[in-house]
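One-letter residues, chain by chain:
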Amino acid sequence: DVLRSVAKAIDGWDPDPCKGPFRAWLFRIARNLLINLVMSERRHPKVCGESHFQQILEEQAASESADSALFDIEFKRQLFHWAAEAIRQEFSVSTWSAFWQTAVDNASVRDVARELGLSAGAVYIARSRVIARLRERVNEVEGRTALFHD
């Protein structure tokens, strides 16, 4: 389905760098196709049983914007976890732990510094270094910084 959609839309592809990379254009096509698929299945679920049950399900269908927002959130979550795993080995255990505990687990800098035997400043620096590297890795894949700026 994605390839068919790409084939139909390829004439509309504009290689102008100001409009973004090919990868972003391709991602939008795949994203829109998946959202349309989810919406279609909600409108016409496979239901066994009485027709009034089908009507109830159709009335519960989510809007396109809700589907789109859910897709975007899940995509960002998966992208973050993928990028984090991809760069994790680039950092020492204490640097990674300082980042993860304060940025992901939402632990206080003071508590993490005490636990790791670091100064609060060292924890802030560690977190900042990892976040900067995460941004770089995401940019390598997406060509933009949407993960952290949306």
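Everything here concerns the structure above.
Residues numbered from 1 in each chain as written. Predicted model: local features only at pLDDT ≥ 70, side-chain atom pairs only at ≥ 80, totals over all residues. Heavy atoms only, no water.

Considerations on the packing of aromatic side chains
Taken as a whole, this structure holds five aromatic pairs when the rule is applied. With a centroid separation of 5.9 Å and an interplanar angle of 25°, the aromatic rings of W96 and W100 are classed as stacked. With W96 and W100 both in helix α5 (residues 93–104) and four residues apart, this pair spans about one turn of that helix. Taking relative accessible area as the criterion, W96 reaches 6% and is therefore assigned buried. Among the aromatic residues, those joined into a cluster by ring pairs are F80, F91, W96, F99 and W100. (Phe/Tyr/Trp six-rings, centres within 6.5 Å; stacked < 30°, edge-to-face > 60°. Helix = DSSP H or I, 4+ residues; strand = E, 2+ residues; numbered from the N terminus. Buried < 20%, exposed > 50% of the residue type's maximum accessible area, 1.4 Å probe, protein only.)

Describing the nonpolar core
Note on soluble globular proteins: their nonpolar side chains tend to be buried together. L79, F80, A83, A84, I87, F91, W96, F99, V130, L134 and V138 together form the largest nonpolar core, which totals 11 residues. When residues of this core are traced back to their parent elements, those giving at least two are α4 (64–87), α5 and α7 (120–142). Here the element with the most residues in this core is α4; it accounts for five residues. (Core = buried A, V, L, I, M, F, W, Y, C linked by side-chain atoms within 4.5 Å.)

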